[in-house]
Amino acid sequence: MSSSSSVKIRNIVIIAVIAALIGSFFIFDLGQYLTLDALSARQDALIDYYRDNTLAMLAGFFAVYVVVTALSIPGAAILTLAAGAIFGLWTGLVLVSFASSIGATIAFLISRLLLKDWVQKKFGRRLQTINKGVEKDGAFYLFSLRLVPAFPFFVINLVMGLTPIKTRKFYWVSQLGMLPGTAVYVNAGTQLASIESTSDILSPALIGSFVLLAIFPFIARFIVDFVKNRKMLSQYDKPGSFDYNVVVIGAGSGGLVASYIAAAVKAKVALIERHKMGGDCLNTGCVPSKALLRSAKIASYIRKSEDYGISAQAPEVDFAAVMDRIQSKITMIEPHDSIERYSQLGVDCVTGDARIVDPYRVQVGNQLLTCKNIVVATGGRPFVPPIPGLDSATYYTSDTIWGLRRKPEHLLIVGGGPIGCELSQAFVRLGIKVTQIDRDPRLLPREDDDAAKLVMAALEADGARLILGANAKSVRQGGSAYADSQILTYEQGGEEHEIEFDTLLLAVGRAANSRGFGLEEIGVRIEDNGTLEVNEYLQTSVPNIYACGDVAGPYQFTHVASHQAWYASVNALFGFAKRFKADYRVIPWATFTDPEVARVGLSENEAKAQGIEYEVTRYGIDDLDRAIADGEDHGFVKVLTEPGKDTILGVTIVGYHAADLITEYIAAMKHKIGLNKILGTIHIYPTMSEANKMAAGQWKRAHAPEKLLAWVEKLHTWRRH
Ligand SMILES: Cc1cc2nc3c(=O)[nH]c(=O)nc-3n(C[C@H](O)[C@H](O)[C@H](O)COP(=O)(O)OP(=O)(O)OC[C@H]3O[C@@H](n4cnc5c(N)ncnc54)[C@H](O)[C@@H]3O)c2cc1C
């Protein structure tokens, strides 16, 4: 029997048992015994019975209480009063406390068994924030809800069963949280004669006290955090006045925006940079890689010029000139990020290596800057893997490759992520022999298989050799094929192989710049992967130090760094009054290979891994008029939607200008616009952007109201006669 059918049978049995029990409760009208009048009328008889049959009465009452609460049958309040009336305060309290907690936990488990998977599957994505909150603070919330008896007991049991809270935690927090309310009810039960209705027990004043008790944990946490923060900072000598409201360390994408925002709201801000303004993106990342890819694209156009009816000779690549062009493009963009521009904007730009002395002081050379807050935007650097022999080998990374002027004869690229793929394609198109090696069985592991496959096919069509599922074992000088030959030994499918090359480029990921400038010394916590531990306000574990960009993670993109920078800067400056949570709901990115791969939201792989139900609509760009006219008729638009709805869960576009095309979907997801609205929007003909509308149209056709259309067809037929 498959596991899903055995789950179904299990659920049917549970539902049948519950239905039978609840049904008998109503059929035999057992509710008549769970009223105040019935209890008052039988109080003496019950007390007599308890005296004569103590154990049986205790056990019987306990069992009834557990069943009533487990089945969420109304009557728990009366039973609690009964416990006071029959057993007295302390015995009643102990009995009810355990019985109600066990009953609540059974109700919680029933809800979990029957509904949790379905609810998480159906609403998983929307529940993500709640799930995270429950995982982190579930006990806290449950405790507060339990303290206020005004919140229906059975609703809390059933709803908590749908969340990821652990059963054991649910039990003990429930027991603790319900104790005061239970005590009040059991105590009231001891005075049963003076109670006319259950609502007498909870006066508004008593409910008010419980509400206060419930919000107490939140107030307590706020106070504890406040005191902890004050205590942490009090060990440092706080200056009487500060030079700056905020000091920003690192003038890359994150630091530039953080300091710009601070200056725009008239704060006094210093921006410290030890190397080049603009950071990685301008000097060694986005800009040079895109400039290089452009030269490569031109070379590839020349090679296929005959497809366009133009004859041209094979391109002659002046490698040094290509690399010089990259520098000239950087020089053209440099003014956007320059000291002059930022000084004019009101930022004090300081050149040098920053060192955090304490949370109020940053040292640069012999300058000591005092500040109320610090924003760390120190970015990342290429990760160099521990491959034996690398120390004595010659290799490049994305930091150093831009200085290369000698054209490599055989370039070996280790790494199959976006940077490795972009550079692999760029160099192979410039006429260099390129081999790309990766330990995964395919390139671009974050993307879906169909997207990665198209990129791999394109790279191979350009002439790159891909060695996949291969582990680099060691590097050594040697070989004779090239003037500067080196050899890499790798293991693939259990066998060792060697490959000879003259230039090695490592592109196996990036490490955060979080150590070595004072953060560890003052107790800023660092994650295992090297990024700084930050909360949703981008605040580190030292309260007046914030972080953004690659050093904070989890994404490593320029647009995310600048997005985070706004939150880091605003929270640092105005957090004393209002703090803003960084919004990561719609994060897009692209790999700028040809075809480009652009993504926003969920991929199919992620949806499957997270158990989220989805529908796929796939439009092939080979069908698009403009793509055909331009000779760029390849790739696809793939949209994941909620089943039966036009709500977009995620989009992957592979193709010409995919990174531009996806903006329409980014806006749609951000502003909660569905495929129907995209379909209802006029797109200029003939453009690549029509691919988005075509995908929406495809979705619409797949969701056409077939039954209604059959009737409409009948109507048309009838009208023709
Ligand atoms: C080859 C390549 C291509 C890329 N392509 C893209 C792309 O197309 N699109 C995209 O979105 N992203 C791309 N990225 C990623 C992007 O470059 C980074 O995500 C972005 O630069 C991160 O910005 P940041 O401000 O966090 O850090 P950085 O830009 O790295 O800036 C950090 C700055 O801090 C300075 N610094 C560090 N420590 C100190 C100190 N102690 N004192 C003073 N200064 C210090 C550094 O010198 C540096 O200038 C690419 C990256 C690479 C390597």
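Look up a bit, the structure's there.
As a starting point, this report considers the structure included with it. (Residues numbered from 1 in each chain as written. Predicted model: local features only at pLDDT ≥ 70, side-chain atom pairs only at ≥ 80, totals over all residues. Heavy atoms only, no water.)

1. Things to note about the sheet that holds strand S12 (residues 486-492)
Heads up, the condition is: Two strands pair under a simple rule: DSSP has to find at least two bridges between them. Helix and strand labels come from DSSP, where a helix needs a run of H or I of at least four residues and a strand needs a run of E of at least two; each type is numbered from the N terminus. Inter-axis angles, ranging from 0 to 180 degrees, are taken between N-to-C directions of lines fitted to C-alpha atoms, where helices are fitted over the stretch in contact.
Strand order across the open sheet formed by three strands is S11-S12-S13, with antiparallel pairing between neighbours. Looking at which strands have only one partner, the edges of the open sheet turn out to be strand S11 (470-477) and strand S13 (495-501). Ignoring strand direction, the axes of neighbouring strands in this sheet form an average angle of 25 degrees. As paired strands, S12 and S13 are joined by seven bridges and run antiparallel to one another. Within the sheet, the bridge partner assigned to Leu 488 lies in S13 and is Ile 499.

2. Here's the deal with the sheet that holds strand S8 (residues 410-414)
If you walk across this open sheet you meet the four strands as S10-S9-S8-S14, and the pairing is parallel. In this open sheet, the two edge strands, each paired with only one partner strand, are strand S10 (465-468) and strand S14 (503-506). Each adjacent strand pair in this sheet contributes to an overall mean axis angle of 20 degrees, direction not counted. Sheet analysis places S8 next to S14, joined by four bridges and oriented parallel.

3. Observations concerning the nonpolar core
Basically, it comes down to this: Take the buried Ala, Val, Leu, Ile, Met, Phe, Trp, Tyr and Cys residues and link them wherever side-chain atoms come within 4.5 Å; each set so joined is a nonpolar core. When accessible area is computed with a 1.4 Å probe and restricted to protein chains, residues below 20% of their type maximum are described as buried, those above 50% as exposed, and intermediate ones as partly exposed.
Counting residues in each nonpolar core, the largest one holds 39 residues, and the members touching the most others are Leu 292, Phe 427 and Val 434. Elements represented by at least two residues in this core include exactly helix H11 (286-303), helix H12 (319-333), S8, helix H14 (418-429), helix H15 (449-462) and S10. Counting residues in hydrophobic clusters, the runner-up holds 32 residues, among them Val 66, Ile 73, Ile 110 and Leu 192.

4. Topic: the state of the cysteines
The test is simple: Cysteine sulfur pairs qualify as disulfides if the two atoms are within 2.5 Å.
Here the structure, examined in full by the defined rule, presents one disulfide. At a sulfur-sulfur separation of 2.4 Å, the disulfide partner of Cys 281 is Cys 286. Where Cys 281 bonds to Cys 286 through sulfur, the torsion about that S-S bond is close to -130 degrees, and the disulfide is left-handed. Judged by its relative accessible area of 16%, Cys 281 falls in the buried class. With no disulfide of its own, Cys 371 lies 15 Å from the sulfur of Cys 548, the closest cysteine sulfur. Looking at Cys 421, it has no disulfide partner, and the nearest cysteine sulfur is the one in Cys 286, 16 Å off. Residue classification places Cys 421 among the buried residues on the basis of a relative accessible area of 0%.

5. Quick notes on the environment of Thr 190
Spelled out, the test is: Every residue pair with non-hydrogen atoms within 4.5 Å of one another is taken to be in contact.
Structurally, Thr 190 is set in helix H7 (residues 167-190). Overall, the relative accessible area of 29% leaves Thr 190 in the partly exposed class. Between the C-alpha atom of Thr 190 and that of Phe 87, which follows or precedes it by 103 residues, the distance is 8.4 Å. Once you skip the residues sitting within four places of it in the chain, Thr 190 turns out to touch Gly 84, Ala 85, Gly 88 and Leu 89.

6. Looking at unusual backbone geometry
Cis rather than trans, the peptide bond between Gly 553 and Pro 554 has omega equal to 0 degrees. Assignment of secondary structure puts Pro 554 in the loop between strand S16 (545-547) and helix H16 (558-574). Backbone torsion omega between Asp 594 and Pro 595 reads 10 degrees, so that peptide bond is classified as cis. As for its placement among the helices and strands, Pro 595 is situated in the loop between strand S17 (588-591) and strand S18 (596-601). The residue Ser 72 is not glycine, and still its phi comes out positive at about 60 degrees. On the secondary structure map, Ser 72 appears in the loop between helix H3 (54-70) and helix H4 (76-87). By relative accessible area, which is 22% here, Ser 72 ends up partly exposed. The residue His 657 is not glycine, and still its phi comes out positive at about 55 degrees. Structurally, His 657 is set in the loop between strand S21 (648-655) and helix H19 (658-661). The exposure class assigned to His 657 is partly exposed, which follows from its relative accessible area of 35%.

7. Here we look at the pattern of salt bridges
Quick reminder of the rule: A carboxyl oxygen of Asp or Glu within 4 Å of a side-chain nitrogen of Lys or Arg is what we treat as a salt bridge.
Evaluated as defined, the whole model comprises 28 salt bridges. Between Arg 51 and Asp 48 there is a salt bridge, with the nearest N and O atoms lying 2.8 Å from each other. Taken together, the residues span about one helical turn, with Arg 51 and Asp 48 both in helix H2 (residues 36-52) at a distance of three residues. You can call Arg 51 exposed: its relative accessible area is 57%. Note on Asp 48: relative accessible area 35%, which makes it partly exposed. When the shortest N-O distance is used, the salt bridge between Lys 638 and Glu 604 registers 3.0 Å. Taken together, the residues span a long stretch of sequence, with Lys 638 in strand S20 (residues 636-641) and Glu 604 in helix H17 (residues 604-609) at a distance of 34 residues. Residue Lys 638 is classed as buried on the basis of its relative accessible area, which comes to 1%. Taken together, the salt bridges that share partners define one network made up of Lys 297, Arg 429, Asp 462, Asp 594 and Glu 632.

8. A word on the packing of aromatic side chains
Our working rule: Between rings of Phe, Tyr and Trp, where Trp is taken as its six-membered ring, a pair exists when centres lie within 6.5 Å; planes separated by under 30 degrees are stacked, by over 60 edge-to-face, and by other angles tilted.
Under the defined criterion, the tally for this structure stands at 12 aromatic pairs. Arranged with centres 6.1 Å apart and planes meeting at 40 degrees, the rings of Phe 319 and Phe 427 form a pair that is tilted. Within this pair, whereas Phe 319 is found in helix H12, its partner Phe 427 is found in helix H14, the two being separated by 108 residues in sequence. For the ring pair Tyr 555 and Trp 589, a centre distance of 6.3 Å and an interplane angle of 40 degrees mean the geometry is tilted. One end of the pair, Tyr 555, is in the loop between S16 and H16; the other, Trp 589, is in strand S17, with 34 residues separating them in the sequence. Take Tyr 555 and Trp 589: they sit in the same class, and that class is buried. Cluster of aromatic residues (ring-pair linked, three or more members): Tyr 50, Phe 61, Tyr 65 and Phe 87.

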